[in-house]
Amino acid sequence: MKLKHVMLVSMLGFHAIGRAETIQESQKVRATFQQVLDAVASGWFGKPYQDMNALDLKGNLTLVVSPQMINAKVDQLSRGGAKGALTQSALVKLNLSGTYFANGDFRTEMSGDFGNLVYTRIGNRGFLYSREQNAYTTKIDPPPPGAPLSYMGWFRQVLNDIKAVYVDNTTFKATYGKEEASSGKPLQTVVFATPTVPYDPKKREQSMSDTLGFWKQGRLELTIDKTSKLPRKLSFLNEAQGVNILMNFQYQPDGRLQLVDMLNQSRGAQGPAALRVTYGTEGLISHISGRLDNQRQGFVFDMDLGWSKGKAPTSLVSVPPPGAVKKGGEEMKTMLAVGLAGRILDLQRKGLNLRSVTLGNP
């Protein structure tokens, strides 16, 4: 065999070995990520939720609404037939009370600066009612397919969606990152990366599936505790959609999630955010609070949670008040958007300048 043939065979052999090592590392990384999902399922959403089928939620939200958002929504929903006239950002305070079943049935009552709403759905039937408009629509979003019967199943379903993308699928290149230590605990970083197109600042619209599925492409770096397998730090970048997020996770001594501290560097939404979790005596989440703050919009929320097992969705049955006028879905949305813009504009005309709003810590 000639020398060049020997060299070629050797190069092909080294390439095959290198590829085998890459595949082997990828399999190990995905197996490690599966361990992370199992640890999250057990530590965050474990056995305390296995019989819980309903959640009662009560609290308040405070939103900072930019004039561009409201004006654009009014124009969009009315197809140019109505124009918003807001020039200043506004503070919108909401009180929220509702019951949410793991299978997707729910009833929500909202009141505050925008008015009073009731939104409910059982199976495929429900309605959205506005007391101020004395109107309602039965055009509602359909329930999710294959909904679980308990919240432990609901949480597991969310994790299975993540597993399908990062463990079962090979779209992402999976590699190990650096190893380090923090407070004496060994940490390991796993990296999932797939190329994206550059960010297009002229792009104005995209499909809802692309918007909600932003996490299905880009670069994920996840630092985990090698002992507990729980996540400690997360960095995610999707250049095509301008998404850039950093997260830090803090835990109680028993391993339950306590705080998620986030820095959002995504285009047009730069700012800090945080989520704080409190638990009751049975290990169930009893309170959540948090904030999101950036130059264009933001919100603060503070919610009490109560869990139930064996609760029947028929407890939610209700009908719109007698005399309420039935509207089409788009017509109802337009009425609500125009009504909100009018209420905020009226407040501003009375001299309430709500432009400078500081969102406090949760």
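Residues numbered from 1 in each chain as written. Predicted model: local features only at pLDDT ≥ 70, side-chain atom pairs only at ≥ 80, totals over all residues. Heavy atoms only, no water.

1. Quick look at helix H3 (residues 151-166)
Part 1 of the argument: With 16 residues, H3 extends 23 Å from end C-alpha to end C-alpha; this agrees with the ideal 22 Å at 1.5 Å per step.
Part 2 of the argument: Residues of H3 that are buried: Tyr151, Phe155, Leu159, Val165 and Tyr166. Down the axis of H3, the buried set is contained in an arc of 110 degrees. They therefore lie on one face. (Helix = DSSP H or I, 4+ residues; strand = E, 2+ residues; numbered from the N terminus. Expected span 1.5 Å × (residues − 1). Buried < 20%, exposed > 50% of the residue type's maximum accessible area, 1.4 Å probe, protein only. Arc of directions from axis to C-beta.)

2. Focus on the environment of proline 313
Part 1 of the argument: Within the secondary structure, proline 313 is located in the loop between strand S15 (298-308) and strand S16 (325-326).
Part 2 of the argument: Of the residues examined, proline 313 reaches a relative accessible area of 23% and is grouped as partly exposed.
Part 3 of the argument: Sequence separation of proline 313 and isoleucine 122 is 191 residues, and the distance between their C-alpha atoms is 6.9 Å.
Part 4 of the argument: When sequence neighbours within four positions are dropped, the list of residues in contact with proline 313 reads Phe101, Asn103, Asp105 and Ile122. (Contact = heavy atoms within 4.5 Å.)

3. Quick word on the packing of aromatic side chains
Part 1 of the argument: Counted by the stated rule, this structure contains 19 aromatic pairs.
Part 2 of the argument: Ring geometry for tyrosine 166 and tryptophan 215: centres 6.3 Å apart, planes at 25 degrees, overall stacked. Linking tyrosine 166 in helix H3 with tryptophan 215 in the loop between helix H4 (208-212) and strand S9 (219-225), this pair joins segments that are 49 residues apart in sequence.
Part 3 of the argument: Taking the relative accessible area as the measure of exposure, tyrosine 166 reaches 3% and is therefore buried.
Part 4 of the argument: Tryptophan 215 sits in the partly exposed class, given a relative accessible area of 21%.
Part 5 of the argument: Following the ring pairs from residue to residue traces out a cluster consisting of Trp44, Phe45, Tyr49, Tyr151, Trp154, Phe155, Phe249, Tyr251 and Trp307. (Phe/Tyr/Trp six-rings, centres within 6.5 Å; stacked < 30°, edge-to-face > 60°.)

4. Examining the side chain of glutamine 34
Part 1 of the argument: Checked against the element boundaries, glutamine 34 lands in helix H1 (residues 3-43).
Part 2 of the argument: Note on glutamine 34: relative accessible area 18%, which makes it buried.
Part 3 of the argument: For glutamine 34, the contacting residues outside a window of four places in its chain are Lys163 and Val167.

5. As for the pairing of S9
Part 1 of the argument: Burial within S9 is extensive, with five of its seven residues counted as buried.
Part 2 of the argument: Across seven bridges, strand S8 (residues 185-193) lies against S9 in antiparallel orientation. Residue pairing for S9: leucine 187 is matched across the bridge by aspartate 225.
Part 3 of the argument: Where S9 lies against strand S10 (residues 231-238), six bridges are found, and the strand directions are antiparallel. Among the inter-strand pairings, leucine 222 is bridged to a residue of S10, identified as leucine 234.
Part 4 of the argument: Between the antiparallel neighbours S9 and S10 lie five residues, among them lysine 229 with a positive phi of about 70 degrees. (Pairing = 2+ DSSP bridges.)

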